[in-house]
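Observations on the model geometry
Here's the letter readout for the chains.
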Amino acid sequence: MNTDVIQKQGESEAAARRGFALGFSAYFLWGLLPFYMKWVAHLPLLEVVVHRVVWSVPIAALVLVWLGRTADFKAALRSPRTLAMAALTASIITFNWSIYIWAIAADRAIETALGYYINPLVTVMIGALLLGERLNRVQTLAVVLATVAVAILTYENGKLPWISLALAFSFAAYGYFRKTLPVGPSQGFLLEVMILSVPACAYIAWLVSTGTDHLVPGNWIDTALLIGCGPITAIPLLMFAFGAKALRLSTLGLMQYIAPTMVFLIAVFVFNEPFGKVQLVAFILIWIALAIYTWSSLREK
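Description of the structure in this document. Given the structure is predicted, the values throughout are model-derived calculations rather than measurements.

Moving on: the layout of surface pockets. Here the second largest pocket is characterised by a volume of approximately 260 Å³. Lining the second largest pocket are 15 residues, with R108, I110, E111, N157 and Q279 sitting closest to its centre. Looking at the lining of the second largest pocket, the elements that each hand over two or more residues are α6 (109-130), α7 (137-157) and α13 (277-300). Broken down by element, the lining of the second largest pocket gets its largest block of residues, three residues, from α6. A per-class count over the lining of the second largest pocket returns seven nonpolar, three polar and five charged.

A cluster of nonpolar residues, F20, F24, F28, L29 and I235, forms a patch on the protein surface that exposes about 430 Å² of accessible area. At four residues, the largest contribution of residues to the nonpolar patch is made by helix α1 (residues 3-39). Its location among the elements puts I235 in helix α10 (residues 220-244).

Further remarks concern the side chain of E47. Topologically, E47 is positioned in helix α2 (residues 45-54). One buried charged side chain, E47, makes no salt bridge at all; its nearest oppositely charged neighbour is R52, positioned 14 Å away. In this structure the side chain of E47 is engaged in a polar contact, spanning 2.8 Å, whose partner is the backbone nitrogen of H214. Not counting residues within four places of it along the chain, the set of residues in contact with E47 comprises Y203, L207, T212, D213, H214, L215 and L226.

On to the state of the cysteines. In the structure shown here, the tally under the stated rule is zero disulfides. For the unlinked cysteine C201, the closest cysteine sulfur is that of C229, found at 14 Å. Assessed through its relative accessible area of 0%, C229 is described here as buried.

Our focus in this paragraph is helix α3 (residues 56-67). One full turn of an α-helix is made of 3.6 residues, so residues set three or four places apart face in the same direction. Spanning 12 residues, α3 covers 17 Å between terminal C-alpha atoms, matching the ideal 16 Å at 1.5 Å per step. Those residues of α3 that sit buried are S56, V57, A60, V63 and L64. Looking down the long axis of α3, one finds its buried residues gathered within 140° of arc, a one-sided arrangement. Among the exposed residues of α3, those pointing more than 90 degrees away from its buried face are L62, V65 and W66. A positive backbone phi angle near 70° is found at G68, which sits one or two residues after α3.

Next up on the list: the pattern of salt bridges. Charged atoms that come close allow side chains of opposite charge to pair. All chains considered together, the criterion is met by three salt bridges. Here K38 and D107 are joined by a salt bridge, their closest N and O atoms 2.4 Å apart. In this pair, K38 is assigned in helix α1 and D107 in the loop between α5 (80-105) and α6, connecting sequence segments 69 residues apart. Relative accessible area serves as the criterion here: at 24%, K38 is assigned to the partly exposed category. In this structure, R178 and E192 form a salt bridge, with 3.4 Å as the shortest nitrogen-oxygen distance.

Parameters at a glance
Residues numbered from 1 in each chain as written. Predicted model: local features only at pLDDT ≥ 70, side-chain atom pairs only at ≥ 80, totals over all residues. Heavy atoms only, no water. 1 Å grid on protein atoms, 1.4 Å probe; cavity = no way out; pocket = protein on both sides within 12 Å on 5 of 7 lines; lining within 4 Å. Points joined across faces, edges and corners; volume = space filled by probe spheres on them. Helix = DSSP H or I, 4+ residues; strand = E, 2+ residues; numbered from the N terminus. Nonpolar A, V, L, I, M, F, W, Y, C, P; charged D, E, K, R; others polar. Patch = residues over 30% accessible without salt bridge, like charges linked within 9 Å, V, L, I, M, F, W, Y side chains within 5 Å. Areas by Shrake-Rupley, 256 points an atom, 1.4 Å probe, with all protein chains shown as cover. Salt bridge = Lys/Arg side-chain N within 4 Å of Asp/Glu carboxyl O. Buried < 20%, exposed > 50% of the residue type's maximum accessible area, 1.4 Å probe, protein only. Lys, Arg positive; Asp, Glu negative; His and termini not counted. Polar contact = N/O pair within 3.5 Å; in protein donor to acceptor, adjacent residues only side chain to side chain. Contact = heavy atoms within 4.5 Å. Disulfide = S-S within 2.5 Å. Expected span 1.5 Å × (residues − 1). Arc of directions from axis to C-beta.

Here you go:
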């Protein structure tokens, strides 16, 4: 084996290790996100959301400039179609963020965990319904088990687990439409938050003018928490974007369960949210469905 081949293999392995570290770190940080959402739970929901947007802009912009990947971003700014699609995906992810923040503050973190557990299965179902993708028998069984779990929770609570479904379907929709953006993940994220920053900045200005904001007159802790909404939003997402490029889809498929598992454990053992036998049965069905789905996906690769 010549030196060039050995060097390329070494570089590939090093890139895979970096990708794994970045991907794992992103999901781990997302798993810890409920703690931060609890810290800002006393602040108005919309104010938290707009600060997530505004303080993400400089971070995303600095990373893009540092990497020297501004050419296609500038091209995207000149494309009305790209801007329209980015506005759509930005609206969907804002809805997703809002539901998540509210649910954590309302002591319903378990439902957010369930939402992100069933998200892969919802994505598969959307692919079958909208893209004509055919499900094999194993994948169909996984979707059926997830549906049964949702039906059990609906019967027990007397209503649909709307938080879980809203998170799962909105994130699946975001992924579906996000693929239409002809820019990379980091460029697309900057484009989305820049579009959202226009109404976000207007809303912050209105809060400041009426003296109802928590950034300027608030105590230093509230100010720090609002500014910190940017890093806790942008950093994991950018880490994931760069890590995903060096990882196989099968590895990413397994990693996606890290965050909801952490959220579930935090909700039950740290936040002490109620978790009864019926919920346990529903979650077991979901875990079995995910195991079946993951096994099927790995076997096809």
